[in-house]
Amino acid sequence: MLAEAESIDWEARALICVGQDTRPSSPDLAQAAITGITVMGGEVKDYGVVTTPMLHYFVASINTDGIYAEATEDGYFKKMTTAFKKLRGDKPSNGNYVPSILFDGANGVGALKMKVCLSYLGDSLQVQLYNDGNGKLNHLCGADYVKVQQCAPHGVPRITNARCVSVDGDADRIVYYYTDECDKLHLLDGDRIATLVADYLMELVQKSNLGLQLGLVQTAYANGSSTNYISKTLKAPVACVPTGVKHLHQKALEYDIGIYFEANGHGTVIFSDFATKRICCAAEEPSLPKKQLCAIRTLAAIIEAINQTVGDAISDLLILETVLHARGWSIQDWEAAYTDLPNRQLKVTLKDRRVIETTDAERKSVAPPGLQDQINLFVRNVPNGRAFVRPSGTEDIVRVYAEADTQANADQLALQVASAVYQLAGGVGSPPALE
Ligand SMILES: CC(=O)N[C@H]1[C@@H](OP(=O)(O)O)O[C@H](CO)[C@@H](O)[C@@H]1O
C-alpha cells in the first residue's frame with residue numbers, strides 16, 4: 001500500500017547502506033535490518049562500525065557515482081586528511097597555535113575512528129585520545145555532557161589552558177573547551193565554531209573575488225552574543241530556523257556558502273554547485289593574481305576537507321584546526337572574539353508535551369494561552385534577558401532555555417519560565433528546580 005501511494009518502482013535497484021555504532025545492541029539491529037532488506041529484494045552494503053556522518057558521506061558518494069567522493073573508509077580519510085595537510089603546509093605550528101589537542105571520544109565510535117584518522121594525519125596534528133571506548137558511552141563525557149552540564153568531561157586530564165575537544169557518541173557533534181588557572185571551564189560550542197569558520201571563510205571569499213554569497217544558519221539556542229557578533233561585526237546574513245539539522249541544512253542550501261551549526265556543536269559548511277564550480281575552475285587559473293589564487297585554492301581545499309553531507313566531528317575538527325593554524329591563534333585567542341551571555345537549560349515533564357505550541361522558529365509560544373505573556377514579563381526584568389520554551393522532538397519533555405547578563409539571572413529566568421510551564425501546561429512530578 002505504501003509502495004503504491006509513493007509510486008515505488010519494485011523493479012528499480014534498491015541499494016541500502018548499513019552502518020552500526022559501538023552499542024551492544026548494534027550488531028543485532030544491523031543484522032535485523034540486513035535480513036529485512038534482503039527479504040524485500042534489496043541489496044545491502046554493510047559498512048560495519050562507522051560514525052553517523054561517515055555513513056552519510058558514503059551514501060552521498062554512491063548517489064553521485066563517486067563524484068562527491070570515494071564511498072569507502074579509506075576514501076573518506078584519504079580525501080579529508082590530504083586536503084588538511086595541504087592547508088597546513090609544512091609548518092604545523094604558527095604563532096600562538098600549537099598542533100596538539102586532547103580528544104574526548106565519549107567512549108563511542110568517534111574515538112575508534114579518530115584512531116584510524118591519526119594514521120592518515122601523520123605528524124601534522126598530535127591528538128591525545130581519552131574516553132576511547134573502555135568506559136560507558138556518553139557517561140560523564142562527550143560533547144553533550146560538556147555543553148549541557150558546562151563541566152569538563154571525566155577521563156581527560158586537566159591541563160591548564162590546553163586545547164581540548166569533545167565529540168558525542170556517534171561523532172556528529174563537536175565542542176572545544178579548556179580549563180583555566182582557576183580550574184574554570186571555558187566552552188567553545190557550535191556558535192563559536194560557526195563564527196570562527198565564518199570569519200575565516202568571509203575573508204577568503206572577499207580575497208577570491210568570485211562574488212560568492214555566504215550566510216549562517218542558527219537555531220533559537222544560539223547565544224545572543226554570537227548572533228550579535230555575526231550581524232554587527234561580521235556583517236553576514238544570519239537566519240534562525242527550528243531545532244534539528246534538517247532545518248538548518250535546508251536553509252543553508254539557499255547560500256553559495258552556507259554555514260550552519262546548532263549550539264550543541266552539530267553542523268557543517270555546504271557549498272552550492274555554483275560555488276563549487278566557480279571555485280574549482282578558478283583554482284586552475286594560474287594567471288590570476290597570487291593573493292586571489294591562494295584564497296581560491298584554500299577554498300578548494302576546504303571543499304575537500306569538509307563533510308558537506310551532515311555535521312561530522314572529525315571533519316569539523318580538521319577545518320577548525322586549519323582555521324586556528326591559519327590565524328596563529330590559541331583557543332584563548334579564539335574565545336576573545338566576543339563574550340557569551342550566561343545561559344541555562346532546564347527540562348520540564350508534562351502530561352502531554354504537545355500542549356506547547358511555538359512560532360517564529362520556536363522563539364515564541366502560542367499555546368497554552370498566557371504562557372508567552374508570562375515569559376515576556378520575566379524576560380523584561382533581567383538585563384539582556386531572552387527565554388523560550390519548546391517541546392523536545394527526541395525526548396518526552398519540554399525544554400526551557402534562558403540567557404541573561406549574569407549566571408544568577410539566567411538561572412532565575414530559566415526557573416521562572418520552567419515554573420510557569422509546569423503550572424500552565426500540566427506539569428507532572430516534582431516542580432522544576434535548578435539541576
Ligand atoms: C537543545 C538540543 O540540543 N536539542 C537537540 C535534540 O533535539 P530536541 O528536539 O531538543 O530533543 O536532539 C536533536 C537530534 O540530535 C538535535 O538536533 C537538537 O539540537
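Refer to the structure above for everything that follows.
Before going into details, it helps to say that this report is about the structure given with it. Computed from a prediction, not measured in an experiment: that's the story for all the values here. (Residues numbered from 1 in each chain as written. Predicted model: local features only at pLDDT ≥ 70, side-chain atom pairs only at ≥ 80, totals over all residues. Heavy atoms only, no water.)

1. So, the pattern of salt bridges
All chains considered together, the criterion is met by 24 salt bridges. Taking the shortest distance from any N to any O, the salt bridge between Arg-327 and Asp-199 comes out at 3.6 Å. Remark: Asp-199 occurs in helix H7 (residues 190–208) and Arg-327 occurs in helix H12 (residues 313–327); sequence separation between them is 128 residues. Looking at Arg-327, the relative accessible area reads 22%, which means it is partly exposed. (Salt bridge = Lys/Arg side-chain N within 4 Å of Asp/Glu carboxyl O. Helix = DSSP H or I, 4+ residues; strand = E, 2+ residues; numbered from the N terminus. Buried < 20%, exposed > 50% of the residue type's maximum accessible area, 1.4 Å probe, protein only.)

2. A few points about the nonpolar core
Judged by nonpolar contacts, the single largest core of 80 residues is most densely connected at Met-114, Tyr-176, Leu-201, Ile-259, Ile-279, Leu-317 and Trp-334. At 10 residues, the largest contribution of residues to this core is made by H7. Two domains each put at least three residues into this core: domain 2 (75–189) and domain 3 (191–310). If we skip the residues at most four places from it in the chain, Leu-317 touches Ile-101, Phe-103, Met-114, Leu-125, Val-165, Ile-174 and Tyr-176. (Core = buried A, V, L, I, M, F, W, Y, C linked by side-chain atoms within 4.5 Å. Domains from an automatic or database assignment. Contact = heavy atoms within 4.5 Å.)

3. With respect to helix H9 (residues 245–252)
Of the positions making up H9, those classed as buried are Val-245, Leu-248, His-249 and Ala-252. Summarising the axial view, the buried residues of H9 lie within an arc of 100 degrees, below the 170-degree limit, and thus occupy one face. Of the residues in H9, the exposed ones pointing more than 90 degrees away from the buried face are Lys-246 and Gln-250. In this structure, the buried residues of H9 make contact with strand S8 (214–218), strand S10 (257–261) and strand S11 (267–271). (Arc of directions from axis to C-beta.)

4. Digging into the site of the ligand
Every residue near the ligand is listed here: Arg-173, Tyr-221, Thr-243, Gly-244, Glu-262, Asn-264, Arg-390, Ser-392, Gly-393, Thr-394 and Arg-399. One nitrogen or oxygen atom from the side chain of Arg-173 is found 3.2 Å from an oxygen atom belonging to the ligand. In this structure, Arg-390 approaches the ligand through a side-chain N or O atom, which is 2.7 Å from an oxygen atom. If the ligand stood free it would expose 430 Å²; the protein chains cover 79% of that surface. Per-class residue counts for the shell around the ligand are 1 nonpolar, 6 polar and 4 charged. (Near = heavy atom within 4 Å. Polar contact = N/O pair within 3.5 Å; in protein donor to acceptor, adjacent residues only side chain to side chain. Areas by Shrake-Rupley, 256 points an atom, 1.4 Å probe, with all protein chains shown as cover. Nonpolar A, V, L, I, M, F, W, Y, C, P; charged D, E, K, R; others polar.)

5. Remarks on unusual backbone geometry
For the bond from Ala-367 to Pro-368, the omega torsion is 0 degrees, close enough to zero to count as cis. Mapped onto the fold, Pro-368 is located in the loop between strand S14 (364–367) and helix H14 (371–380). The phi angle at Asp-65 is positive, at roughly 50 degrees, despite the residue not being glycine. Despite not being glycine, Asn-384 shows a phi value in the positive range, around 55 degrees. Inspection of the secondary structure assignment puts Asn-384 in the loop between H14 and strand S15 (386–391).

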